Amino acid sequence: MKNSYFAFLLVLLASCTPKPSSQKAFPLYLKNLEPNRELSSAMKRSLAIYEAPRMLDNELYTNFNYTELKGFDYHGFDGTISRRDPSKIIFENGRYYVWYTYRNTPTEPKGYEGSNDTIPSADWDLAEIWYATSTDGFTWDEQGVAVPRPPKPKPGWRSVATADILKFKGKFYLYYQAFDAPSGKYDAKRDAYDICPVAMSWSDSPNGPWTALDNVVIPFGAEDEWDYRVIHDPNPLVHNGKIYLYYKSGIDKRDANRKFWDAWGLAVADSPEGPFVKHPLNPVMNSGHETILFPFREGVAAIVNTDGIEHYTIQYAKDWVNFEVASVGQLLPTAAGVFSPDAFTDNPQADGITWGLSHFINAGGDWSKMCSTLARFDCDLSLSTNDPSLKQSNVLLPNSVYFQQRLTPKQKERIHNDNIAFLEKMK
Ligand code: AAL
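On to the side chain of N362. With respect to the secondary-structure elements, N362 resides in the loop between β20 (352-360) and β21 (373-382). Taking relative accessible area as the criterion, N362 reaches 16% and is therefore assigned buried. At 3.5 Å, the side chain of N362 forms a polar contact with the backbone nitrogen of W367. Not counting residues up to four positions away in its chain, the partners in contact with N362 are W367 and C371.

If you check the shell around the ligand, you find R84, D85, W124, T162, Q177, D194, H232, D233, K248, H289 and E290 and nothing else. Taking K248, its side chain carries an N or O atom lying 2.8 Å from an oxygen atom of the ligand. H289 is positioned with one of its side-chain polar atoms (N or O) 3.5 Å from an oxygen atom of the ligand. Relative to its unbound accessible surface of 280 Å², the ligand loses 97% to contact with the protein. Of the residues belonging to the shell around the ligand, the class tally is 1 nonpolar, 4 polar and 6 charged.

Right, let's get into the packing of aromatic side chains. Scanning all chains against the criterion turns up 20 aromatic pairs. Summarising the aromatic geometry, the rings of Y96 and F339 are spaced 5.2 Å apart at their centres and angled 85° between planes, so their arrangement reads as edge-to-face. One end of the pair, Y96, is in strand β4 (residues 95-104); the other, F339, is in the loop between β19 (337-338) and β20, with 243 residues separating them in the sequence. A relative accessible area of 16% places F339 in the buried class. Their ring planes at 15° and their centres at 6.2 Å tell us that W99 and Y131 sit as a pair that is stacked. Remark: Y131 occurs in strand β5 (residues 128-134) and W99 occurs in strand β4; sequence separation between them is 32 residues.

Analysis parameters
Residues numbered from 1 in each chain as written. Predicted model: local features only at pLDDT ≥ 70, side-chain atom pairs only at ≥ 80, totals over all residues. Heavy atoms only, no water. Helix = DSSP H or I, 4+ residues; strand = E, 2+ residues; numbered from the N terminus. Buried < 20%, exposed > 50% of the residue type's maximum accessible area, 1.4 Å probe, protein only. Polar contact = N/O pair within 3.5 Å; in protein donor to acceptor, adjacent residues only side chain to side chain. Contact = heavy atoms within 4.5 Å. Near = heavy atom within 4 Å. Areas by Shrake-Rupley, 256 points an atom, 1.4 Å probe, with all protein chains shown as cover. Nonpolar A, V, L, I, M, F, W, Y, C, P; charged D, E, K, R; others polar. Phe/Tyr/Trp six-rings, centres within 6.5 Å; stacked < 30°, edge-to-face > 60°.

So, in structure tokens, the structure goes:
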């Protein structure tokens, strides 16, 4: 049965294989490429899908160089102070502004079972949205709280986290995750642990005061829809005079690491309060845990970091909906917030980005004292910047990084047993 199935596949493949063509060998110089030449799939991708085949010429390929920030205290990384999930960075009143999840709790996170009214379950539990300003992007002055936890039972009374900023018609809007239970509480109906709606606060100034709109801005999908479980990481931009807000949700079953298949949707609104209309082609991205988006040329680019089949890629959607992989990268920033001067300008030739902030979880190197820190990254994803030193493909990591990926005792046992079985078979 099996053999006849493979024989059938072979016949099918042979019938699909292109006839040997009489064309000349592929040229050494691309300028000599004949226009109608038959190409392999890989060369088609290089020439038609990626932003440019050579990394050096590819405006959407970059390395990321990281620098620690000055100006933030972390209480010796004992797990009581955490800063994570930075927003986009904006420039107002002669300085840069960033918002982020700030946690200052009596202890480090203790998991759902160990949490109570003052002890956090997760790094982003019992948090507030704080902000900081800077004139160089390296040294920051922490300004304090922007959006506090509102009184119970308003959305976010347990925690407000993972904010992103929108400037629209002269006003400022923060979209964020508003928790009314400690993250980690299991919701059997949704089969999920980190459930919260997206809320929004607005202000006339980036310095506040912020007024909370006590409504859910991006509704969950219906029970049988792909974004039923969570709506996370709201990411608003302006396109064609409208608000294009991208968000993460999770499809299908959870795996052993309690993860779904991370995918991203788009919701469009005429005004910041909504209603946000979900795009019929959602999900519009098939990967990325904390994807960051920014206008680029007439479209939108996305830095897709961990999770999903296209993790560690930079993608581009000319029409803001249909994303293609533009390049594959290394050491991408985590949960980044970028300085995107065109985020809200509706510029049809957006320049892209050259820096932003990333978070690093496990800041002190001790997982039991879980806390996160913000750091800066610099890159060349900009049309006007040309820094070939940021277009290298061989980022060399210390050997210790590889040997940290240790085999577990269970894996060792499986390999040992497989080998015994192999030796037996080869006898
Ligand atoms: C992240 C984000 C969301 C999640 C948690 C905090 O970095 O994807 O914000 O809820 O982790």
